[in-house]
Amino acid sequence: MRPLHTYKVTCGAWLLTLGLISGCGEKFLEESPNDQVTDANFYRTTTDAIQATNAIYGELITAGQYNAALWGLGDIASDISTTGGGGGGDGIEYQQLDFFNIPSTNLVTNRLWGSCYVGIGRANIVLQKVPAMSIDPAIQKRSIGEAQFLRAKYYFDLVRAYGDVPLLTAPPATLADVNIPRTPAAQVYAQIEKDLTDAIGNLPASYSGEDLGRATKWAATGLLAKVQLTLNKLPEAATRAREVINGSGKMMWDNYADNFKVANENGKESLFEAQFLSGRNTWDQNGPGFSGNEFFGPRGQGAVPQGGYGFNIPEADFVAGYEAGDLRRDATIWMPGDTYPDGRKQPSSLPGSPNGYGCKKWFVGKVNTNIWDSELNIPVMRLAEVYLILAEAVGPTTEGYEAINKVRRRAFGLPIATASAKDLTPGLSADAFKRAVWRERKYELAFEMDRWFDMKRTGELLTSPHLLAKGVKPFNVVLPIPQSELDVNPGLRQNPGY
C-alpha cells in the first residue's frame, strides 16, 4: 500500500479512491454518502462535514492500526509477548518483529505507515474544506478539532516508529507535493503539539447518544500530556495531566477488568477508544470488528468462533513478574487451569505457548453469530495512564506517590483513595521512583499495544536482557521505511541498518 501516492488532485476522486466516507466504528461512523461523490456535490452540508470527519476515525480499526499493526509492534516487538501461532512460517511478519529481523517489506511496518498516511490525508482534506463551509458552527468547530486530534495521533505513531517522516499538512496539488523528503522529527513533534493544542480549544468536553466515542478536549489534553512526556517536557506534561485529572470528571473503575468489557465501552475511565462493531462473517482485519478475539484466542481450543489462533503469547518472565495478589494478571493473561465459558480448562501447554499462557484481555468468546471478529473497543488512552504520566513527570513528590499509588491500589482490589500496604513507600531516589513508574506502566497497560513505544522512550528497548537475547540492535529503535515508498519517492532515504 502506498497511500502517499494515492492522492488525487481533485477532492472527489481522492475520496472515492481511498474510500474516505466508508469509515467504520460505533454508531457515529455508520452513515454513508451518496454513491457519486465529487467536488461539485460534496462539502456543502453539515452532514457532509460529519461524514468526512467520521472517515478519519476509520483507519483506527484497520490492519494498519489497532486490528494488527499496533499489537504486532506494541506487544510482540516488546518484552511482554512473543508471536505464538501455529509455528513454522505462521505469522512471519510478527516473527520478524519478534526477533528483530525486520526487512523493509515487512507487512506490519508497511501497514502502519500506510494507515497513518491515509488517516492524515483524510484529516488534511477536512482541515482544508470544512473551515470554508457554511454549516452548523458547533459541528464545524468540532469537526476541525477532531481532524486536528486524529492527525496528531497518526503523526505521533509515525514519528515514534520511523523517526523523521514526511510532514504533509495540506492536500497535495501535484505529485511533487507528495514526493517530499523526510521532515526532521523535531518539526513533526512541533506540529503534533500544535494540532493537539488547537484541538483542545475546538473540541467539546463530552458527548452523548450516538456521538459517544468521538474525540473530546480531554482526549486531546491527555494525548498532549503523553507527547510532552515523550519529549521530556516534564512540567508541561504534569500540567496537562492535572487538567485531565481535575477537570474531565473521569474516574477509575474500582475493578481493573471493567475497562475491557463491551458493556463499559467509552465508560468512566476512558478518554479515547478505537471504536469497533460486531463485524463481518468473513476473514477481515480492516473492521468493523476487532480481530483480536480470534487471533489471541487459545489456539485450537474452540473458545472463540474459529477455534483460536493463539498469537501474541505472554512471555514467561513477564508473567512471573506480577506481584502476588495483583488482580491485573487474571484480567490480562490466560493461565493453565483457567476456565473457559463452556467449563473446559486452559491446557498447561498449547501450540505456540509451551507454558500454557495466552492474552486474555481482549477475549469475548462466542458472543455473536459472526465467525470472525468482535465489537470490543480498544482503549487508546484511559485515566490510569494519565495518573502514571503525572507520577513520572513530577517524580518522588507527595503528588507523584499518590498518583502511582492510586493505580497500585486498584491493581490489588483495594480502595483507590485510601492508603494501603501496597503503596510505594516515600524515600525512593528519583531514578528508583522513575523505574517504579515504568514498571507500573508495563503491567497496567500490558497488551494495550504501547509497550514497544514505552521501551523506546525509556531506553529499555536496548538494555532489556530479554530483547538483547532476541537480537535487538541499536538501529531497531526505529523501523525500516517501507520499500514500496522508497521505490516511488526519490526524496526518501532508508533508516540506517535496514
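Everything quoted here is computed from the prediction, not taken from an experiment. Each chain carries its own residue numbering, running from 1 in the direction its sequence is written. Local features in this predicted model are restricted to residues of pLDDT 70 or higher, and side-chain atom pairs are both shown and tallied only at a pLDDT of 80 or more, whereas totals for entire chains, interfaces and linings draw on every residue. Excluding hydrogens and water, the side-chain figures rest on all heavy atoms present in the structure.

Some words on the UniProt feature "domain: SusD-like N-terminal" (unreviewed entry) in the protein
Sites flagged by UniProt as "domain: SusD-like N-terminal" (unreviewed entry) map to residues 105-229. A distance of 31 Å separates the end C-alpha atoms of residues 105-229, which is 67% helix and 0% strand. UniProt positions are given in the numbering used here, feature names are shortened, and annotations may be inferred rather than shown by experiment. Numbering goes from the N terminus for both helices and strands, where a helix is a DSSP run of H or I of at least four residues and a strand is a run of E of at least two.

Comments concerning the nonpolar core
Counting residues in hydrophobic clusters, the biggest one holds 103 residues, and the most contacted among them are Phe149, Tyr155, Ile192 and Trp362. The dominant element in this core, judged by the number of residues it contributes, is helix α6 (residues 137-162), at twelve residues. Excluding residues that lie within four positions of it along the chain, tryptophan 362 makes contacts with Phe260, Phe290, Asn293, Phe296, Leu376, Asn377, Ile378, Pro379, Phe447, Glu448 and Met449. Think of a nonpolar core as a cluster: buried Ala, Val, Leu, Ile, Met, Phe, Trp, Tyr and Cys residues, connected wherever their side-chain atoms sit within 4.5 Å. Only protein chains enter the area calculation, which uses a 1.4 Å probe; residues under 20% of their type maximum are buried, those over 50% are exposed, and those in between are partly exposed. Throughout, a residue-residue contact means that at least one pair of heavy atoms, one from each residue, lies within 4.5 Å.

Focus on the packing of aromatic side chains
A pair of aromatic rings is counted whenever rings of Phe, Tyr or Trp (Trp by its six-membered ring) have centres within 6.5 Å, and the orientation is called stacked for planes under 30 degrees apart, edge-to-face for over 60 and tilted otherwise. For the structure on display, the rule yields 27 aromatic pairs. Ring centres of tyrosine 256 and phenylalanine 260 lie 5.2 Å apart, and the angle between their planes is 70°; this geometry places the pair in the edge-to-face category. Accessibility assignment for this pair places tyrosine 256 and phenylalanine 260 in one class, buried. Considering the side-chain rings of phenylalanine 318 and tyrosine 322, the 5.4 Å spacing of their centres and the 65° angle between planes classify their relative orientation as edge-to-face. For the pair formed by phenylalanine 318 and tyrosine 322, the shared burial category is buried. Ring pairing ties together the aromatic residues Trp71, Tyr94, Tyr256, Phe260, Phe276, Phe290, Phe295, Phe296, Tyr309, Phe311 and Trp362, which thus form one cluster. In this scheme, Lys NZ or Arg CZ marks a charge over a ring once it lies within 6 Å of the ring centre and within 35 degrees of the ring normal. Over the face of the ring belonging to phenylalanine 453 we find arginine 160, whose NZ or CZ atom lies 4.1 Å from the ring centre. Taking NZ or CZ as reference, lysine 360 lies 4.8 Å from the ring centre of tryptophan 334, over its face.

Points about the pairing of strand β2 (residues 270-274)
Extensive coverage of β2 is indicated by the burial of five of its five residues. Both β2 and strand β6 (residues 378-382) contribute to a ladder of four bridges, which runs antiparallel. Each bridged residue has a counterpart across the sheet, and for glutamate 273 the counterpart in β6 is proline 379. For two strands to count as paired, DSSP must find a minimum of two bridges between them.

Examining the pattern of salt bridges
Only one rule defines a salt bridge in this text: a Lys or Arg side-chain nitrogen within 4 Å of an Asp or Glu carboxyl oxygen. Under the defined criterion, the tally for this structure stands at 47 salt bridges. Across the pair glutamate 193 and lysine 233 runs a salt bridge whose closest N-O atoms are separated by 2.8 Å. Taken together, the residues glutamate 193 in helix α8 (residues 185-202) and lysine 233 in the loop between α9 (217-230) and α10 (234-247) connect sequence positions 40 residues apart. Between aspartate 454 and arginine 457 there is a salt bridge whose closest N-O contact spans 3.4 Å. Here the residue aspartate 454 and the residue arginine 457 both occupy positions in helix α17 (residues 451-458), the gap between them amounting to three residues, near one helical turn. Residues participating in the shared-partner salt-bridge network are Glu269, Glu323, Asp326, Arg328, Lys361, Arg382, Arg408, Arg410, Arg439, Glu440, Glu444 and Glu448.

So, helix α2 (residues 46-58)
Here α2 contains 13 residues, and its C-alpha end-to-end distance of 19 Å stays within 8% of the 18 Å for a straight helix at 1.5 Å per residue. The element α2 is extensively covered by neighbouring structure, given that eleven of its 13 residues are classed as buried. Among the residues of α2, those classed as buried are Asp48, Ala49, Ile50, Gln51, Ala52, Thr53, Asn54, Ala55, Ile56, Tyr57 and Gly58. The length a helix should cover is 1.5 Å for every residue beyond the first.

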